[in-house]
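Reading the structure
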Amino acid sequence: MKLKILTMLFSTMIVSQGYAHSFNCNVSDVTISSGTPDLVYITMGCKASSPHSSGTGNCTATTISADTVVIDGSSELGKRYFSMVLTALASQKTTYISAYGTCPLESPSTPLVYSMKISS
């Protein structure tokens, strides 16, 4: 079972790599809004290296944010990401974040995070 999950994750990473909305810099801001209470917005200190264009996945807004991504703070994985983001913000460590080629319906201009790494 673990091998199957790892294989699926690896395959997803390989396929998604070409479409990655990715960053390699510091987290500059973390925002939670009452309008979208389950979403946590992460603003990075740089622009995405390969930003998504409008029409990618559910990213239907005219302009897709080049410096912000979002996590679902209500999911178990989202809670882990949120913990990592707070650690990255407090420590000002370089953080690598990649986002799916999709946006939540509540925020059609902000891609969803699919991987995160904090460097020392």
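This section reports on the structure supplied with the text. (Residues numbered from 1 in each chain as written. Predicted model: local features only at pLDDT ≥ 70, side-chain atom pairs only at ≥ 80, totals over all residues. Heavy atoms only, no water.)

1. Here we look at helix H2 (residues 76–91)
Residues spaced three or four apart along an α-helix point in a common direction, a consequence of the helix completing one turn every 3.6 residues. Here H2 contains 16 residues, and its C-alpha end-to-end distance of 23 Å stays within 8% of the 22 Å for a straight helix at 1.5 Å per residue. Residues Gly-78, Tyr-81, Val-85 and Ala-88 constitute the buried set of H2. Projection of H2 onto a plane perpendicular to its axis shows the buried side chains occupying an angular sector of 80°, all on one side. Exposed side of H2, more than 90 degrees from the buried face: Glu-76, Arg-80 and Ala-90 are the residues found there. Buried-residue contacts for H2 involve strand S2 (27–33), strand S3 (36–44), strand S4 (68–72), strand S5 (95–99) and strand S6 (113–118). (Helix = DSSP H or I, 4+ residues; strand = E, 2+ residues; numbered from the N terminus. Expected span 1.5 Å × (residues − 1). Buried < 20%, exposed > 50% of the residue type's maximum accessible area, 1.4 Å probe, protein only. Arc of directions from axis to C-beta. Contact = heavy atoms within 4.5 Å.)

2. Remarks on unusual backbone geometry
Although it is not a glycine, Gln-92 adopts a positive phi angle of roughly 55°. Here Gln-92 lies in the loop between H2 and S5.

3. Some words on the sheet that holds S3
Strand pairing in a sheet takes place through backbone hydrogen bonds and is either antiparallel or parallel in direction. What the three strands build is an open sheet, ordered S2-S3-S4; its pairing is antiparallel. Two strands lie at the open edges of the sheet, namely S2 and S4, each paired on one side alone. Pairs of neighbouring strands in the sheet enclose a mean axial angle of 25°, with direction left out of account. Across the sheet, H2 is in contact with S2, S3 and S4; its angle to S2 comes to roughly 135°. (Pairing = 2+ DSSP bridges. Axes fitted to C-alpha atoms, helices over the stretch in contact; angles between N-to-C directions.)

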